[in-house]
Amino acid sequence: MGDFKAVRKVPVSSISLTGEVLGKQFESSLERDLLYLACWDGGVDWFQVQPVKIPYVHDGVRKTYTPDLLTFYRNSDQPDGKKPRLCEVKYRSDLEANWDEIYPKLRAGMTFAKSQGWVFK
C-alpha cells in the first residue's frame, strides 16, 4: 500500500486557492477540506492526491481525467473492510454549469474505480 505518487503537480495560482496539507497539494478550498477530512479520519491508512490519470474518449476525442484523491483505509484488505475511495470534489454550481463537460470524466472515474475494486465518490 501507499505506492501511488501524484501524477501531476498542482500549479501555483494567483486566481484560486492553492497550497499544501501535510505535503499534499490542493488547488481549491474544497480539495483542501477533503484533505483535512482524510487527515482526521482515524480509519484512513494513507491517501494520495492526483493519484491516477484515467484515459477516456468523449465525442470521439481522446482525453484524460485526474481525480482529486485516493484514500485507502486500515481494513481495506479485509473482506468486510471499507473499500478504497477514489474521489472528485466539485461545487454544486460547477456541476450544474459544466455538467456536459464533467459527466464523462465522472463516468470514466466510476468505471476505473470499479475495475480496481474501489468506490468512486
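Our subject is the structure that appears above.
Residues numbered from 1 in each chain as written. Predicted model: local features only at pLDDT ≥ 70, side-chain atom pairs only at ≥ 80, totals over all residues. Heavy atoms only, no water.

A. Main features of the layout of surface pockets. Quantified by volume, the largest pocket comes out at close to 370 Å³. As for the largest pocket, its lining consists of 20 residues, and the residues nearest its centre are D68, E88, K90, D94 and K105. Within the residue set of the lining of the largest pocket, elements represented by two or more residues are helix 1 (29–40), strand 5 (61–65) and helix 3 (99–116). Top contributing element to the lining of the largest pocket by residue count: helix 3, with four residues. Among the residues making up the lining of the largest pocket, the classes are represented as six nonpolar, five polar and nine charged. (1 Å grid on protein atoms, 1.4 Å probe; cavity = no way out; pocket = protein on both sides within 12 Å on 5 of 7 lines; lining within 4 Å. Points joined across faces, edges and corners; volume = space filled by probe spheres on them. Helix = DSSP H or I, 4+ residues; strand = E, 2+ residues; numbered from the N terminus. Nonpolar A, V, L, I, M, F, W, Y, C, P; charged D, E, K, R; others polar.)

B. Layout of the sheet that holds strand 6 (residues 69–73). Across the sheet, which stays open at both edges, the four strands sit in the order 3-6-7-8 with mixed pairing between neighbours. The open sheet has two edge strands with one neighbour each: strand 3 (44–49) and strand 8 (119–120). Two strands pair when backbone bridges link them, and strand 7 (residues 85–87) and strand 8 are joined in this way by two bridges, in the parallel orientation. Bridge pairing in strand 8 links R85 to V119. (Pairing = 2+ DSSP bridges.)

C. Highlighting the packing of aromatic side chains. For the structure on display, the rule yields four aromatic pairs. Between F112 and W118, the ring centres sit 5.9 Å apart and the planes meet at 70°, which makes this aromatic pair edge-to-face. Note on F112: relative accessible area 22%, which makes it partly exposed. For W118, a relative accessible area of 10% corresponds to the buried category. (Phe/Tyr/Trp six-rings, centres within 6.5 Å; stacked < 30°, edge-to-face > 60°. Buried < 20%, exposed > 50% of the residue type's maximum accessible area, 1.4 Å probe, protein only.)

D. Just empty space enclosed by the protein, in detail. Scanning all chains against the criterion turns up one cavity of 30 Å³ or more. Approximately 50 Å³ is the volume found for the largest cavity. Taken together, Q25, F26, E31, L34, L35, V49, Q50, D68 and L69 make up the lining of the largest cavity. Within the residue set of the lining of the largest cavity, elements represented by two or more residues are strand 2 (24–26) and helix 1. Per element, the largest residue contribution to the lining of the largest cavity is three residues, and it comes from helix 1. Looking at the lining of the largest cavity residue by residue, the classes come out as five nonpolar, two polar and two charged.

Read these as geometric descriptors, not functional statements.
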